[in-house]
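# Residue-level structure breakdown
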Amino acid sequence: MNPEPGGGLPDEGTTVGSAAARMMLGSQLRRFREAAGITPEAAGWHIRSSRSKISRMENGRVGFKDRDVRDLLELYGVADSQVTSAMLALAGQAQTQEWWAQFGDILPSWFEPYLGLEASASRIRSFDLQFVHGLFQTEAYARAVTALGLRGISPDEIDRRVAVRVKRQELLTAAKPPRVWSVMDEAALRRPVGGVRVMQAQLRWLAEVAQLPNVTLQVVPFQAGGHDAAGGSFTILRFSEPAVPDVVYIEQLTGALYLEKPAATDHYLDIMNRLSATSLSPAESIPFFADLSRQLQT
Amino acid sequence: MSTQDVSAGSQGSDTTAAEPPSFDITRAHPARVYDYWLGGKDNYEADREAAEQFIEAMPNILAGVRANRAFLRRAVQYLAGEAGIRQFLDIGTGLPTAENTHEVAQAIAPESRIVYVDNDPIVLAHARALLTSTAEGATAYVDADARDTGKILEAAVEVLDFSQPIAVMSLLVLQYVPDEDHPEEIISRLMDAVPSGSYLTISDTTTEIDTERVTNGTARLNARLGPARSTLRTRAQIAGYFDGLELVEPGIVPMPQWRTLPNPLVVPVFAGMGRKP
């Protein structure tokens, strides 16, 4: 929808999260470069760097130096001072130090970008097959899940990992919270991670958190039979800025995929929509959590 | 519970019927094409392609869909404000965007009750998840085709009080009801069911403004749509929807001109509002 270079810049004075700012800045720089007919190699050379640096910048995966942004805009023939100052304002937002920087030692490098995207998103849709989504985990459940994956981890490190998860959840009650719309498989709700008591408390918390005006939870019951996403969990992050595409996040055992090309994200949006349309409605899902909690007791 | 699903139970259980049109992402779908024109991201390649085809024939469509949202806002503000209406029956919900009917109405009167009607399971899933009411009011979602007025009314009775005035809304929806399904009869059945003091609000595409471009754009769009087809109508046909009602000033006019400052925008859509005497 924004064929004009510069058309996707945010209005003056708007603040976006650092990850969204990087993505917006990167996609604008790509447009300007392509419009100027300049190769990534030439652009990399111009800022005393490489083709791959340009590619990482344009994908919004790295921070931006003001000097690089200025030099690139000059190379691309962008003379409009309003565009330049909007781009530099974005570069400033892209450099904001986020709270998770202090946890850099325990966060896998492939997970950190997700935290930035999650914090910048306006809508988060997830499908969770095996575990309750991180944004909805109780502390006890988070502790049990964390210990599962990492044998021989020190208690201090577990504490810090759990602290990250709990801190993330502040997003749900922030001043301008994202809309979080999660579909969860009954399997994720029945697996008593941390024991029956922990799971019961987790289910009660789901019934409660679903009452938040910006949270929608839906359950795919076993009764529904096979479904479209039997393959695994995924999250779709959406950003309010028109120029920033949806990002599909898929976590694996030792890494993660971040998809943003429409050819790939269309497929996940389709599956998410089918799941949302065929699972229990939000109103039917809340009593489902309570019923399941009672069933676990017996 | 301020948010309800008045057709609960119909979901998810029926796997034998043919897949609903919106499940097919290889053909364009009206709600998703409209979403793309509005700058939304709930659309797929086939929708974007069809939407771009229309834009090529008629670039003004982008201003047109925004004008329709602005019309919705002005109309609901009038209904909830000056007209004092507290109940809304919104036929053809579409994919949620900014300033949906209940948000505009409940900003003025939080106790407003809104029934959204759509027959598309993905539109309904979005409405249930995202169009949530204030605590004082109510939003409900009815899974029904616009043509199935019996089903619409049967479900709406559970949420709306039919002894009190109701605003029936149908914005850029009737174009998807073909002539042989008699859109004028759908409207008259709905308006027969609501009491005196109720309102009808319509926006509908027309052959009579910017004729060549809209005809060309619509032909391109129809060639790419799934089962739904868009039918352009004359001003007289659109005026016919309001038979027996008292038109609210300024009557049936080009949509950007309805109760607002002079607007030079040319959009092939007529809009109007009528009150049931």
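Look up a bit, the structure's there.
Described in the following lines is the structure provided in the data block. Fair warning: this is a prediction, and the values are worked out from it, not measured in the lab.

Parameters and conventions
- Residues numbered from 1 in each chain as written.
- Chains lettered and ligands numbered in written order.
- Predicted model: local features only at pLDDT ≥ 70, side-chain atom pairs only at ≥ 80, totals over all residues.
- Heavy atoms only, no water.
- Helix = DSSP H or I, 4+ residues; strand = E, 2+ residues; numbered from the N terminus.
- Rg over C-alpha atoms; globule rule 2.2 N^0.38 Å.
- Buried < 20%, exposed > 50% of the residue type's maximum accessible area, 1.4 Å probe, protein only.
- Areas by Shrake-Rupley, 256 points an atom, 1.4 Å probe, with all protein chains shown as cover.
- Lys, Arg positive; Asp, Glu negative; His and termini not counted.
- Charge placed at Lys NZ, Arg CZ, Asp CG, Glu CD.
- Axes fitted to C-alpha atoms, helices over the stretch in contact; angles between N-to-C directions.
- Parallel < 35°, antiparallel > 145°, perpendicular 65-115°, else oblique.
- Left-handed = near helix turned anticlockwise from the far one by under 90°.
- Contact = heavy atoms within 4.5 Å.
- Nonpolar A, V, L, I, M, F, W, Y, C, P; charged D, E, K, R; others polar.
- Pairing = 2+ DSSP bridges.
- Right-handed = clockwise from strand over helix to strand, strands pointing away.
- Phe/Tyr/Trp six-rings, centres within 6.5 Å; stacked < 30°, edge-to-face > 60°.
- Lys NZ or Arg CZ within 6 Å of the ring centre and 35° of its normal.
- Buried area = accessible area lost by both parts, 1.4 Å probe.
- Salt bridge = Lys/Arg side-chain N within 4 Å of Asp/Glu carboxyl O.
- Polar contact = N/O pair within 3.5 Å; in protein donor to acceptor, adjacent residues only side chain to side chain.

Scanning chain A from N- to C-terminus turns up 12 helices and 6 strands. Whereas a compact globule of 298 residues would reach a radius of gyration of roughly 19 Å, chain A reaches 21 Å, a difference of no more than 12%. In terms of its C-alpha atoms, chain A occupies a principal-axis envelope of roughly 70 × 45 × 35 Å. Out of the 298 residues in chain A, the part that is buried amounts to 51%. Accessible area of chain A: about 13800 Å², with a carbon and sulfur share of 52%. Of note, chain A has its 31 positive side-chain charges centred 3 Å away from the centre of its 33 negative side-chain charges.

Once that is clear, we can look at the packing of helix α4 (residues 66-75) of chain A against helix α5 (residues 81-94) of chain A. Residues and elements named next belong to chain A. The geometry of α4 relative to α5 is characterised by a closest axis approach of 10 Å and an angle of 150° between their N-to-C directions. If you check the angle between α4 and α5, you find them roughly antiparallel. Where α4 crosses over α5, the handedness of that crossing is right-handed. Across from Asp-66, Val-69, Arg-70 and Leu-73 in α4, the residues of α5 making contact are Thr-84, Met-87, Leu-88 and Ala-91. For the contact of α4 with α5, the residue count by class is 5 nonpolar, 1 polar and 2 charged.

Another aspect to go through is the pairing of strand β5 (residues 167-171) of chain B. Across a regular strand the side chains alternate sides, sitting on one face of the sheet and then on the other. Residue and element names in this part refer to chain B. Burial analysis of β5 places 5 of its 5 residues in the buried class, which makes it a mostly covered element. Along β5, one buried face is formed by Ala-167, Met-169 and Leu-171 and the opposite face, lined by Val-168 and Ser-170, is buried too. Sheet topology note: the strand β2 (residues 87-91)/β5 ladder contains 3 bridges and is parallel. Note that in β5 the partner of Phe-88 across the bridge is Ala-167. Pairing geometry for β5 and strand β6 (residues 199-205), over 5 bridges, is parallel. Looking across to β6, one finds that Val-168 is bridged to Leu-200. Remark: the β5/helix α7 (residues 183-193)/β6 crossover connection has right-handed handedness.

All names here are of chain B. Most of strand β9 (residues 269-275) is tucked away: 6 of the 7 residues are buried. Sheet analysis places β6 next to β9, joined by 7 bridges and oriented antiparallel. Bridge pairing in β9 places Ile-202 opposite Gly-272. Pairing of strand β7 (residues 246-247) with β9, which is carried by 2 bridges, proceeds in the antiparallel orientation. Each bridged residue has a counterpart across the sheet, and for Glu-246 the counterpart in β9 is Arg-275.

What follows covers the packing of aromatic side chains. Per the stated rule, a full pass over the model turns up 12 aromatic pairs over all chains. Measuring from ring centre to ring centre gives 6.3 Å for A:Trp110 and A:Phe111, while their planes differ by 70°; the resulting arrangement is edge-to-face. The exposure class assigned to A:Phe111 is buried, which follows from its relative accessible area of 12%. Relative to B:Trp258, the ring of B:Phe71 lies with its centre 5.3 Å away and its plane at 90°, an arrangement referred to as edge-to-face. Within this pair, whereas B:Phe71 is found in helix α3 (residues 61-80), its partner B:Trp258 is found in the loop between β8 (253-254) and β9, the two being separated by 187 residues in sequence. Of the residues examined, B:Phe71 reaches a relative accessible area of 0% and is grouped as buried. A cation sits over an aromatic face here: A:Arg125 above A:Trp181, 4.0 Å from the ring centre. The ring of B:Trp258 has B:Arg259 sitting right over it, with the charged end atom 5.8 Å from the ring centre.

What follows deals with the interface of chain A and chain B. Each partner contributes residues to the interface: chain A has 26 residues there, and chain B has 26 residues. In total, chain A and chain B occlude about 2300 Å² of area from one another, counting both sides; carbon and sulfur atoms represent 54% of this. Taken together, the links from chain A to chain B amount to 3 salt bridges. The partner of A:Asp266 in a salt bridge is B:Arg48, and the shortest N-O contact between them spans 2.8 Å. At the junction of chain A and chain B, the tally comes to 14 residue pairs in polar contact (both at pLDDT 80 or more). Residues of the side of chain A that touches chain B, tallied by class, amount to 10 nonpolar, 6 polar and 10 charged.

Once that is clear, we can look at the environment of B:Glu56. All names here are of chain B. Of note, Glu-56 is situated in helix α2 (residues 45-57). For Glu-56, a relative accessible area of 59% corresponds to the exposed category. Separated by 161 residues in sequence, Glu-56 and Gly-217 have C-alpha atoms that sit 7.7 Å apart. Among the polar contacts listed, one links the side chain of Glu-56 to the side chain of Arg-220, at a separation of 3.5 Å.

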